Amino acid sequence: MSEPFKSAPTVHMNIRASDDVELAADVWNSDQANTLLLLPCGAETRIVWRPVIDRLVEDVRHSWRIIAADHRGHGGSGRSLNYSFQRSRDDVATWIAELAARPLVIGGGSIGGALGMVAAGEGEPIDGLILLDVPVAPVLERVLTERSRIQSAAKVGHTSVATIDPRYISGGVIEDVFRDVGRWSRAARNLKIPTMLIAGSRGVIGPEQLQEYKEHIPQGELAQLATSHLVARDDPAGVAVILGEFLARHWPKH
C-alpha cells in the first residue's frame, strides 16, 4: 500500500438541492470519468474521508474522480428547518444528476451508506456500493444508542459535532426511517450491482444482520475490520485497502 499522500482536493464543489439548500463537497481528480461519491455517517463531515483517500493505492486515487460530500446540516452544507431520510435521499439523487457519471460508485458509512443502498435499489443509476457497517434493515436499539452518543457529545460541546446543525442532532431522521421500516430491505433485495459490506467488529452487524445481508444481496461481498460503528474514522487504512481492491476488481484500469 502507498504511503499517505495528503493531497488537497482539486476543487471544492457546491450544488443546490431541490429545496435550494446548498450541498458542499471536496473533489479530487475532477477530470476523471470514473466517479466515487463518499458519504459520511450522520453527525460526521466529509473530512472523515481524507485519511481514507490519502491511503488509497496510487492507481485508484489518481484514476477515479473522488467526491467527499457533506450531508445537509453538516460541515459546509446548508441548514434545513427539518431533517428526514427522504430529504437526504433526494439530495443523493441531486448529486447523481449533477455528476452524470458512469461508472458511479457510492461509499457510505451508516446513514450515508443506507442512502446509497436505498437510492440504488430504487433505481438511481449507481454502479456499485461500499457499505460501511450498514444493515439491510435498520436496528432500532443500535440507532437509538448512536443518537444518544451524538446528543451527549453535543451537550458537552465536543469538537466532533461542532459543525453539525443542532436540529439534526435533536432528531427527525430516525423517526422518518421507521415510518417505513421495510424500505431499506426492499431496496436491498433489488440490488444487482457489485456491493461490498465492511462490517465493524463492534458495530451494528451481528450474526443476524450478516445473515440478512447474505439473503438480501446474494452477490454481496463482505469484509470485516476491528472497529466500532464509525469504520472510516477508526481504521482509514483498512477501509482504503478494501475499497481500493473492490474498485480495481470490478472496474479494472484498461
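The sections below set out a description of the structure shown in this document.

Analysis parameters
As a convention, each chain's residues are numbered from 1 in the sequence order in which they are written. In keeping with the predicted nature of the model, local features appear solely for residues at pLDDT of at least 70, side-chain atom pairs appear and are counted solely at 80 or more, and the whole-chain, interface and lining totals rest on all residues. Side-chain numbers here rest on the full set of heavy atoms in the structure, without hydrogens or water. Numbering goes from the N terminus for both helices and strands, where a helix is a DSSP run of H or I of at least four residues and a strand is a run of E of at least two. In this scheme, a residue with accessible area under 20% of its type's maximum is buried, one over 50% is exposed, and one in between is partly exposed, where area comes from a 1.4 Å probe on protein chains only. Neither His nor the chain ends contribute to the count of charged residues, in which Lys and Arg are positive and Asp and Glu negative. When a carboxyl oxygen of Asp or Glu is within 4 Å of a side-chain nitrogen of Lys or Arg, the pair counts as a salt bridge. Any pair of N or O atoms that falls within 3.5 Å is considered a polar contact. Within protein, one atom must be able to donate a hydrogen and the other to accept it, and sequence-neighbouring residues count only if both atoms are side-chain atoms. In this analysis, two residues are considered to be in contact whenever any of their non-hydrogen atoms come within 4.5 Å of each other. Between rings of Phe, Tyr and Trp, where Trp is taken as its six-membered ring, a pair exists when centres lie within 6.5 Å; planes separated by under 30 degrees are stacked, by over 60 edge-to-face, and by other angles tilted.

**With respect to the side chain of R65**
(1) Moving on: Take R65: it is sitting in strand β4 (residues 65-69).
(2) Moving on: E98 provides the closest opposite charge to the buried, unpaired R65, separated from it by 7.9 Å.
(3) Moving on: A polar contact is formed between the side chain of R65 and the side chain of T35, at a distance of 3.0 Å.
(4) Moving on: Those residues in contact with R65, other than ones at most four positions away along the chain, are V27, W28, N29, S30, Q32, N34, T35, L36, L99 and A101.

**Section: the pattern of salt bridges**
A side chain with one charge may pair with a side chain of the opposite charge, provided their charged atoms come close.
(1) Moving on: A complete count under the given rule lists 16 salt bridges for this structure.
(2) Moving on: Among the salt bridges present, the one from D127 reaches R102, with a minimum N-O distance of 2.7 Å. Of this pair, D127 sits in the loop between α4 (111-121) and β6 (128-132) while R102 sits in the loop between α3 (85-99) and β5 (104-109), and the two are 25 residues apart along the sequence.
(3) Moving on: In this structure, R183 engages E122 in a salt bridge whose closest nitrogen and oxygen atoms are separated by 2.8 Å. Of this pair, R183 sits in helix α8 (residues 183-190) while E122 sits in the loop between α4 and β6, placing them 61 residues apart in sequence.
(4) Moving on: A relative accessible area of 15% means that R183 is categorised as buried.
(5) Moving on: The exposure class of E122 is partly exposed, given its relative accessible area of 36%.
(6) Moving on: Salt bridges here are not isolated pairs; linked through shared partners, they connect D19, R72, R87 and D91.

**Focus on the packing of aromatic side chains**
(1) Moving on: Counted under the stated rule, the structure contains four aromatic pairs.
(2) Moving on: Judged by centre distance (6.0 Å) and plane angle (80°), the rings of W64 and W251 are edge-to-face. Taken together, the residues span a long stretch of sequence, with W64 in the loop between α2 (58-63) and β4 and W251 in the segment after α11 (236-250) at a distance of 187 residues.
(3) Moving on: A centroid spacing of 5.9 Å and a plane angle of 35° characterise the contact between F85 and W184, whose relative ring orientation is tilted. You can see F85 sitting in helix α3 and its partner W184 sitting in helix α8, a full 99 residues away along the chain. By the burial criterion, F85 is buried, and W184 matches it.
(4) Moving on: Of the aromatic side chains, those joined through ring pairs into one cluster are W64, F246 and W251.

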